Each structure stands twice: as structure tokens, then as C-alpha cells.
Amino acid sequence: MLALSNIRIGMAAEMTVIVTPGMTVGHFVPDMPQVYATPIMILHMEMASGSAIACHLPDGFVSVGMDVRVRHLAATPIGRAVRTTARVLELDRKSVVFEVEAWDGDRKIGDGTHRRGIVNVVEFEKRFGVRQLVTNLD
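Now for a look at the structure at hand.

Observations concerning the pattern of salt bridges
For the structure shown, the criterion picks out eleven salt bridges. As a salt-bridge pair, Arg-69 and Asp-67 come within 2.7 Å of each other at their nearest N and O atoms. On the accessibility criterion, Arg-69 (58% relative accessible area) is exposed. Between Glu-101 and Lys-108 there is a salt bridge, and its shortest N-O distance comes to 3.4 Å.

Take a look at the structure:
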């Protein structure tokens, strides 16, 4: 079974967040403005991208970020709603490319592309020595 056999060009997802103080560049870098930080915008674009295909991947497979080419076009202050969108643009044997955008109301504040690799979680963890944390609930 191919991991991408159920993924189609055009599949899409979006998410909306309200900008909080912890999402601002000023939260991370002293003396910087309290506006939506570029790395947080990229995180939200990645989350929308992953969400667009997650339920179409076989059991035991996930998508992981590989490449981001994004422009941050405008500042967004605390309290504003930001909507990020992701749409499958192209597929290859092991990855998916998304067109991504971020919006503050009807104003586009970011756009670009994002590539996600498709990996088998067990094989990935073995390859990189990653272990799942086990929480003792006793």
C-alpha cells in the first residue's frame, strides 16, 4: 500500500486562531513589537497542511515538515483572528507540497508553499532514536 494513495491534489484545510501575547515577536525578542510572529504564522500554516491530509494517511503514518517558503506580508496585532489555509498543490513519491496562506480578515498577511514528508512513525523513531514518552498514570 502506498502511503499517498488516498491523497489528492486540491485537498484543503484551514484553522483560525486569535493572536495572543505569546504568539508575538515581542514575546520572544525583547523590545520588538507585540505583533503576530513569523515563526508562529509558519507553525499555523504547517498545522493546517498536516490537518488537510492526516485522516487520509494509513495507520502508523504521519506527515512531517520538510521545507517552508513563505512571505510574511503584514503585521497583525494581539486580539485579531488569523485564518491559515493549506491546499495540496503537488504530490511525489514521499512528500506533498501545499499552497499556504494566512489571512487577517480579508487582508492576506502571508503566503507561500510548504512541503511535508510522509513517514512511518515506527521506522522514523528507530532511524532517529526518538522514543515516545510514557506517562505513568498510577
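There is more to say, and it comes next.
A look at the nonpolar core
If you look at the biggest cluster of nonpolar residues, it comprises 27 residues, and the most contacted ones within it are Ile-7, Tyr-36, Ile-53, Val-96 and Phe-98. Residue assignment for this core shows that the elements contributing at least two residues are strand 1 (12-18), helix 2 (38-53), strand 3 (81-91), strand 4 (95-104) and strand 5 (107-120). In this view, Phe-98 contacts Ser-49, Ala-52, Ile-53, Ala-86, Arg-87, Val-88, Leu-89, Gly-112, Thr-113, His-114 and Arg-116; residues no more than four positions away in its chain are not counted.

With respect to unusual backbone geometry
Despite not being glycine, Asp-31 has its phi angle at roughly 70°, a positive value. Mapped onto the elements of the fold, Asp-31 is located in the loop between helix 1 (25-28) and helix 2. We classify Asp-31 as exposed; its relative accessible area is 81%.

Section: the environment of Ala-54
Mapped onto the fold, Ala-54 is located in the loop between helix 2 and strand 2 (61-72). Taking the C-alpha atoms as reference points, Ala-54 and Ile-7, separated by 47 residues in sequence, lie 9.5 Å from one another.

Rules and cut-offs
Residues numbered from 1 in each chain as written. Predicted model: local features only at pLDDT ≥ 70, side-chain atom pairs only at ≥ 80, totals over all residues. Heavy atoms only, no water. Salt bridge = Lys/Arg side-chain N within 4 Å of Asp/Glu carboxyl O. Buried < 20%, exposed > 50% of the residue type's maximum accessible area, 1.4 Å probe, protein only. Core = buried A, V, L, I, M, F, W, Y, C linked by side-chain atoms within 4.5 Å. Helix = DSSP H or I, 4+ residues; strand = E, 2+ residues; numbered from the N terminus. Contact = heavy atoms within 4.5 Å.

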